[in-house]
Amino acid sequence: MDNKLIDLQGISKSYGKNLILNNLDLYIKENEFLTLLGPSGCGKTTTLRIIGGFESPDSGKVIFDNQDITDLPPNKRHLNTIFQKYALFTHMTIAENIAFGLKIAKKSKTYIDDKIKYALKLVNLDGFENRMADSLSGGQQQRIAIARAIVNEPKVLLLDEPLGALDLKLRQDMQYELIRLKNELGITFIYVTHDQEEALTMSDTIVVMNQGYIQQMGTPEMIYNEPENAFVADFIGDSNIIASTMIEDEVVEILGAKFKCVDKGFGNNTPVDVVIRPEDVELVEPQMGTIQGLVTHLIFKGVHYEMEVEANGFKWLVQSTKLVPVGTRVGIVVDPFNIQIMNKPESEDEEAVTLDE
Amino acid sequence: MIKHLKRIYMGLVILFLYLPIIVLVVSSFNNSKILGKWDGFTLDWYKELFNNASIMNALKTTLILALMASVIATALGTLASLTINKMKRSTRSVVMSITNIPMLNAEIVTALAFMLLFVGLGISLNFATVLIAHVTFCIPYALLNIYPKVRQMDNNMYEAALDLGASSAQAFFKVTLPEIMPGIMSGFLMSFTMSLDDFIITHFTRGSGIDTLSTKIYTEVRKGIKPEMYALSTLLFVTVFVLLLLINRTPNEEKRRKKLAKGKKSHATLAMGMCIVLIISAVGYISFRDDSNYIGDVYVYNWGEYIDPEVIALFEEETGYKVHYEEFETNEEMYTIIANGARNYDVICPSDYMIEKMIDTDLLAPLDYNAIPNIKNIGSEYMESATGFDPGNRYSVPYCWGTVGICYNTTMIDEEVNSWSILFDEKYSGSILMQASVRDAYCVALSYLGYSINTLDEMQLKEATNLLISQKPLVQAYVIDQVRDKMIKNTAALSVIYSGEAIYMQEENPDLEYVVPDEGSNVWIDGWVIPKNSENKEAALAWINFMCDPNIALMNFNEITYSTPNIAARDLIEDEYIRNSQIAFPGESVLSRCEVYNYLGKDGDALYDGYWTKVGTAASE
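Residues numbered from 1 in each chain as written. Chains lettered and ligands numbered in written order. Predicted model: local features only at pLDDT ≥ 70, side-chain atom pairs only at ≥ 80, totals over all residues. Heavy atoms only, no water.

J.: Report on the overall build of chain A, specifying residues and quantitative values.
T.: Each helix and strand in chain A was counted, giving eight helices and 20 strands. When each of the 357 residues of chain A is scored for burial, the buried share is 51%. Pairs at least 24 apart in sequence give 66% of the contacts found in chain A among residues at least 6 apart. When the accessible surface of chain A is split by element, carbon and sulfur atoms take 47% of a total near 16,300 Å². (Helix = DSSP H or I, 4+ residues; strand = E, 2+ residues; numbered from the N terminus. Buried < 20%, exposed > 50% of the residue type's maximum accessible area, 1.4 Å probe, protein only. Contact = heavy atoms within 4.5 Å. Areas by Shrake-Rupley, 256 points an atom, 1.4 Å probe, with all protein chains shown as cover.)

Now the structure itself:
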């Protein structure tokens, strides 16, 4: 598991004047489900295409299994790609689609037939051999695309927003399906998405990217609970991000009130950003709160209520299973463990960008 | 009620669209040659069609041309579509509009532009020039069908193929090409159809001896009633109709395939395959019929309907030369082609004054009489007359001669006809046919006014011009070859015509009579000449010698009924009435009042043309 299967070293890529990737370093371990997450234009798809061999980097190296494959064409790489729009060959039947790579590799007919059967069973589409590709639904087509890729026994499967074209319910089903497949096949998945929920659900490791840089890399829990900067915090889930001052170790002043926290080493009276997840904001009786505010909005969201509380000039986003009617005066408390302190961004690149998707 | 009205309306629209075609198709099965007169069902015209070597040759040319043009255009269109698809959006739309313009451009403009380009580059028109032109106008149609298929294709498909281990070539041939194949096929069929039924561009860019079905139909039909051509047109229509059905079927075919099982090649593929097999076998069959004693080619340029087709076959059989036979309608049309060097011919049959002009402009090669022993059969009086335009008989051998006169229908004209004046008589307004050529028209007017038909006197010409303009309202039509049909079918009462036509017309319609007016007229001689740039002069001389053979001259006389200068042939004429006919061989009294046309020189030509244009553009009230 610690083996670096793919190692990207100092990858840069630009299209004309647009710098897409800037000196990117990234490694992927064997048997890992790694997700490249970020808004469109962040460089995640380009990274994937460089691994797949469809783009070549302006500088840097792609190491695969300890071999430099930077200049190797896609058909010589032991990895397969699942494209967003499936890219099934519409002039072929499902069986012919799945057999494509095997026929190129000159496998025997019996081997190919067995593989087709096996792959269709794996993606729960047995008996679809003779259907034409575009007679299938989007989800079915996506599974065929996966079947077509995995029969070639790649070491790595590259998935480029594979669920992007599916509707919500189907997308959720397919997420579980993909996890199951990965576990059954035991191969490495590199997954590209802009959907943070998808990333959190499936990945072993998430790489959050923005404007050609890696913003943070870690497990879903780390990314969610301890975002390293405002961009990550904003991009992953809803957050209250508040400009604050670190008074001393374990004490932060938020909107004029002192909160206890667990972070140390920021120095005294240092300006920082504080991230508090909406589900971590507790509403209590006014006199019990660290600060006080007024409930101004209330929406029922199914699992919980979502409220907006105006306190000390900031509109707090609050999620709670308990209903607090609009107009109620409340107090706000936050568990010290749930206060995430971040350094102020040093470069522009770390600034949160407006998401266009 | 409304529903019925809608149906009736729809029916009318369809009728309106297809009525002309229906008339054509029905005519092709009509036993009678006369339009609008049903005389029983027959397949004779179709039989004649398939037995006609020149039509079969045109069919071969058409198929080879269409096949080559559409294959090349489709290949280029496919590559272009793939490239255009890779362009930036802005460039792409510009390129697409540029490629679409030729489709909307007036065909005549494209045709003319091509001709100018080739002639300007000094390329004489030949098969390659037609092919280039066809490829060019087919490309937009190929693009129109192929490009949307390329656009439709998932861009990742090619990458997916690479990803699965295919090399670039494998990815292209196994994935990209099959994916856009339906587009390529309809592009091919569309190009094929366009090339198949093109007329204008072919007409302007074809070289001598090259006829496609449409140019063949054109040359044949303008000469008169040709029910075989109705049959041919019907077949052409049916072919194009079937091809278009195939093209339109393709999309449905795909839908059907989606639902159905694997491995079935679409009907369109099948159809295209069949199409190609059919063409190759047809071409092979036609080529196979070609004679085996071939020793060379000869390109003949003659007046329309001016030879017994049997004679051409005999010549080929006897000499081994393959004849490429083409026809012109007026001396002026022929002159333009030769003087431009647009097409090369080996032997031509112009009229007297035109021969003089061609000698004058150094377009002709002197004849080697050693190669024309049959010259002895030509009457010395005709050789003598010919010196009027060809001093010393150096360049031409007389082929036919005759007079210009009036042909009239005795059932429509009660009075005796002996003067040109009857053509200016308002009584016969609307039933007069005039010749559409400048010299013949002025021959009528100048003779009537008592002037020389070669006059260069401006006053006399002005007078003649005014006379012709004043005559315009009375004239039913200015025609050339159609005179025959119109007179035979009683649709006109009076016409200006060559004596040779009159004999043929009398045979078809005994009510017709021919007269050379007392005021005098034109006596003309057409003769064989060899252009200077001929590449097959030996063959051309063999042709001329063959034409002077008495039996051949007789065959031609029997077929075309123009007077022959061949004394030996005249003696062979069986029909005593014709042998002594005043129309075919007028006496001295008639000839003495007739004049030959002389070449008027450049300025003279321009003068006549200028006045003739005035006649043409004058408003007829």
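Here the narrative resumes.
J.: So what's going on with the sheet that holds strand β10 (residues 213-218) of chain A? Residues and values would help.
T.: All names here are of chain A. Spatial ordering of the open sheet is given by β6-β7-β8-β3-β9-β10, a layout of six strands whose pairing is mixed. Here the strands that pair on one side only, and so sit at the sheet edges, are β6 (79-82) and β10. Ignoring strand direction, the axes of neighbouring strands in this sheet form an average angle of 15 degrees. Bridge count for strand β9 (residues 205-210) against β10 is five bridges, and the pairing is antiparallel. If you follow M209 over to β10, its bridge partner there is I214. Packing of helix α4 (residues 138-150) onto the sheet brings it into contact with β6 and β7 (156-160), and relative to β6 it is tilted by some 170 degrees. (Pairing = 2+ DSSP bridges. Axes fitted to C-alpha atoms, helices over the stretch in contact; angles between N-to-C directions.)

J.: Let's hear about the pattern of salt bridges: which residues, and what values?
T.: Pairing between side chains becomes possible if they bear opposite charge and their charged atoms approach one another. Residue and element names in this part refer to chain A. What the rule picks out here adds up to 23 salt bridges over all chains. Two residues, R49 and E55, come together in a salt bridge whose shortest N-O distance is 3.0 Å. Overall, E55 belongs to the buried group, its relative accessible area being 17%. A salt bridge links K169 to D173, with the shortest nitrogen-to-oxygen separation between them at 3.4 Å. One end of the pair is K169 and the other is D173, both in helix α5 (residues 168-185) and four residues apart, which spans about a single turn. (Salt bridge = Lys/Arg side-chain N within 4 Å of Asp/Glu carboxyl O.)

J.: Report on the packing of helix α3 (residues 53-86) of chain B against helix α6 (residues 127-152) of chain B, specifying residues and quantitative values.
T.: All names here are of chain B. Two numbers describe how α3 lies on α6: the axes approach to 6 Å, and their chain directions differ by 45 degrees. Classified by the angle between their axes, α3 and α6 sit oblique to one another. In this structure, the crossing between α3 and α6 has a hand that is right-handed. (Parallel < 35°, antiparallel > 145°, perpendicular 65-115°, else oblique. Left-handed = near helix turned anticlockwise from the far one by under 90°.)

J.: How would you summarise the interface of chain A and chain B if you had to cite specific residues and measurements?
T.: In this assembly, 26 residues from chain A lie in contact with 22 residues from chain B. Taking both sides of the interface into account, the surface hidden between chain A and chain B amounts to around 2,200 Å²; carbon and sulfur atoms contribute 59%. Looking at the side of chain A facing chain B, the largest losses of area belong to N75, H91 and I104 of chain A, adding up to 25% of the total buried there. Remark: the boundary between chain A and chain B carries one salt bridge. Between R49 of chain A and E159 of chain B there is a salt bridge, with the nearest N and O atoms lying 2.5 Å from each other. Counting across the interface, chain A meets chain B through nine residue pairs in polar contact (both at pLDDT 80 or more). (Buried area = accessible area lost by both parts, 1.4 Å probe. Polar contact = N/O pair within 3.5 Å; in protein donor to acceptor, adjacent residues only side chain to side chain.)

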